[in-house]
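Summary of the model geometry
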Amino acid sequence: MQNRINQPLPLVTVNQLEKQYTKNNPSVFSDISFSIARGEFVCMIGHSGCGKSTILNILAGLEVATSGQVSINGHAIKGPGLDRGVVFQGHALMPWLTVEQNVAMAIRARHPAMPREDVQKKTEHYLELVNLTGAIHKRPAELSGGMRQRVGIARAFSTTPELLLMDEPFGALDALTRGVIQDELLNICTQTSQTVFMITHDIDEAILLADRLVLMSTGPNAHIAEIVENPLPKNRSRTEIHHQEGYSDLRKHIMDFLVKPNK
Amino acid sequence: MMSRADHLKGVVLSLILALILLFSWQYLTESNSIQSHDISAENREYEILMGHTQATQQPDHNFPSPRQFALEAWQELKAPFHNTSTNDRGIGWQLGASLYRVIIGYGLAVLVAVPLGLLLGQQPILRAALNPFIQILRPISPLAWMPIALYTIKNAEECGIFVIFICSVWPILLNTSFGVSRLRKEWLDVAKTLELGWARRLWLIILPASAPTIVTGMRVGLGIAWLAIIAAEMLVGSSGIGYFVWNQWNNLSISNVILAVLLIGITGMILDTTFAALQRRVSYAE
């Protein structure tokens, strides 16, 4: 019992995960084991083709692993579910619905019996979190890339998932917008102590957001090269972080890992 | 987008075109009647011998002038719903009979084709299995079905409805299954992560996402149905606007034929405009 209090069970456990698309080819990745604690922000970094997205999709329940186990809250993940929210790479908003309707659809899916006014209030609340109150009646086609991704984030948060999965959510955004949304995301995550698993290419983004960084080796047959604890304190901010002690060492370390051929 | 001024210019131009058409119609039909008076003495004698005198010459036998047409059309349009006998029913009544058949036949086609299309769109194997049948049945002219329909159904009314059904079902079916098969995987992934049941997935994702292609199919189908019903009624009808055209042709009442042809065109245009409006309502920009 004592042991449990000191070291609480992780929210997510990934154990010996392997994915092989065709029988005779080498597996995309194998021997992937890590865990995510409640309230932790974990980033996975790696080159294209190492199967990062596949790992995320397996966690989301949208793909099936060839072997290995994934569990959330001690239950094996068998399919997609509302306990996990996904922010997709290409926003995945319904183009025929307005911003408000896109978020409301998720809230209604989570709370089927909720009265209309409450759904509306909740929708407005989550759109406020991502600073989109002015655009609630617009359709996705009328929004900029950054605004679309914000709607995607609001939608994912609105279902209050235990685990938030983000697949390179800011990959298609320009640097300025990216920075603003990173700040917003960091804010919401600290406020709600949201558990997040995120995939990224961007080292600075990873250092800013992640408490722990999972570095993937190059595929095929990729595996976890290293798991790095972020030594910087949890109240990181985009404007201060590059002055903080340990930042450049960590950045160099990850940079070295990414530029050196590793197997 | 056209500016307001350009739009106005277009309207003025089409009014001018309409006037030109009207005047050439007037000119051509008038010169026709002048020619009949301008014959030599020998020919006139011959004409009299043949019984073609001024007295027997009926204006109906010539192509009517716009004025004649307007007068006769007015006679017909004054009582569009009169119904004295099979051979004497108002043009509005006939138009209504055609529209009724189209609504039944086309409605049945929508009821069959949309659900089946939704199913085929989601089941690639089923789609591949049914595709050869669809591709063979689709190009068959609706009228080619007529003998088979008459032999099996043995009822003229139901035959008409069947012909409407069989010709409008294919575009709706193909468009629906195409629209559903092209759904973005992301949208379905969102539905999965939100744990939407099949009914909500259908109502919230699949139908609105494929609505533009489904409505396009419905629009094409309705256009074909309206083409087919005229021909079908000419063949087997005892009512309907197609039957009316044929009947008035047998009466040599060219004015009424022109009137009916115009009404067919206008009705077709109204039907199509309705669906164009519906199409705008359900379309979305990605």
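Since the structure is predicted, the reported quantities are computational estimates derived from the model, not experimental observations.

1. Considerations on the packing of helix 5 (residues 124-137) of chain B against helix 7 (residues 156-181) of chain B
All names here are of chain B. The N-to-C vectors of helix 5 and helix 7 enclose an angle of 150°; their axes lie 11 Å apart at closest approach. One way to sum up the angle between helix 5 and helix 7 is to call them roughly antiparallel. As for the relative orientation of helix 5 and helix 7, their crossing is left-handed in sense. Residue-level contacts link R127, I134 and L137 of helix 5 to W170, L173, L174 and S177 of helix 7. Per-class residue counts for the contact of helix 5 with helix 7 are five nonpolar, one polar and one charged.

2. With respect to the sheet that holds strand 7 (residues 163-167) of chain A
Residue and element names in this part refer to chain A. Reading across from one edge, 6-7-8-3-9-10 is the order of the six strands in this open sheet, with mixed pairing throughout. Each edge of the open sheet is held by one strand with a lone partner, namely strand 6 (84-87) and strand 10 (224-229). Averaged over all adjacent pairs, the angle separating strand axes in this sheet is 15°, with direction ignored. With four bridges joining them, strand 6 and strand 7 adopt parallel strand pairing. Residue pairing for strand 7: V86 is matched across the bridge by L165. The sheet contacts of helix 8 (residues 247-259) involve strand 3 (41-45), strand 9 (212-216) and strand 10, and relative to strand 9 the element is tilted by about 15°.

3. Some remarks on the UniProt feature "domain: ABC transporter" (unreviewed entry) in chain A
Residues annotated by UniProt as "domain: ABC transporter" (unreviewed entry) correspond here to residues 12-243 of chain A. Helix makes up 32% of residues 12-243 of chain A and strand 24%, whereas the separation of the span's terminal C-alpha atoms amounts to 33 Å.

4. Here's the deal with the packing of helix 9 (residues 198-236) of chain B against helix 10 (residues 241-250) of chain B
All names here are of chain B. As a packed pair, helix 9 and helix 10 sit with axes 6 Å apart at the nearest point and diverge in direction by 55°. Considered as vectors, helix 9 and helix 10 are oriented oblique to each other. Where helix 9 crosses over helix 10, the two elements pack in a sense that is right-handed. Across the interface between the two elements, I229, I230, A231, A232, E233 and M234 from helix 9 touch I241, G242, Y243, V245 and W246 from helix 10. For the contact of helix 9 with helix 10, the residue count by class is nine nonpolar, one polar and one charged.

Criteria and cut-off values
Residues numbered from 1 in each chain as written. Chains lettered and ligands numbered in written order. Predicted model: local features only at pLDDT ≥ 70, side-chain atom pairs only at ≥ 80, totals over all residues. Axes fitted to C-alpha atoms, helices over the stretch in contact; angles between N-to-C directions. Helix = DSSP H or I, 4+ residues; strand = E, 2+ residues; numbered from the N terminus. Parallel < 35°, antiparallel > 145°, perpendicular 65-115°, else oblique. Left-handed = near helix turned anticlockwise from the far one by under 90°. Contact = placed C-beta atoms within 7 Å. Nonpolar A, V, L, I, M, F, W, Y, C, P; charged D, E, K, R; others polar. Pairing = 2+ DSSP bridges. UniProt positions renumbered as here; feature names shortened; annotations may be inferred.

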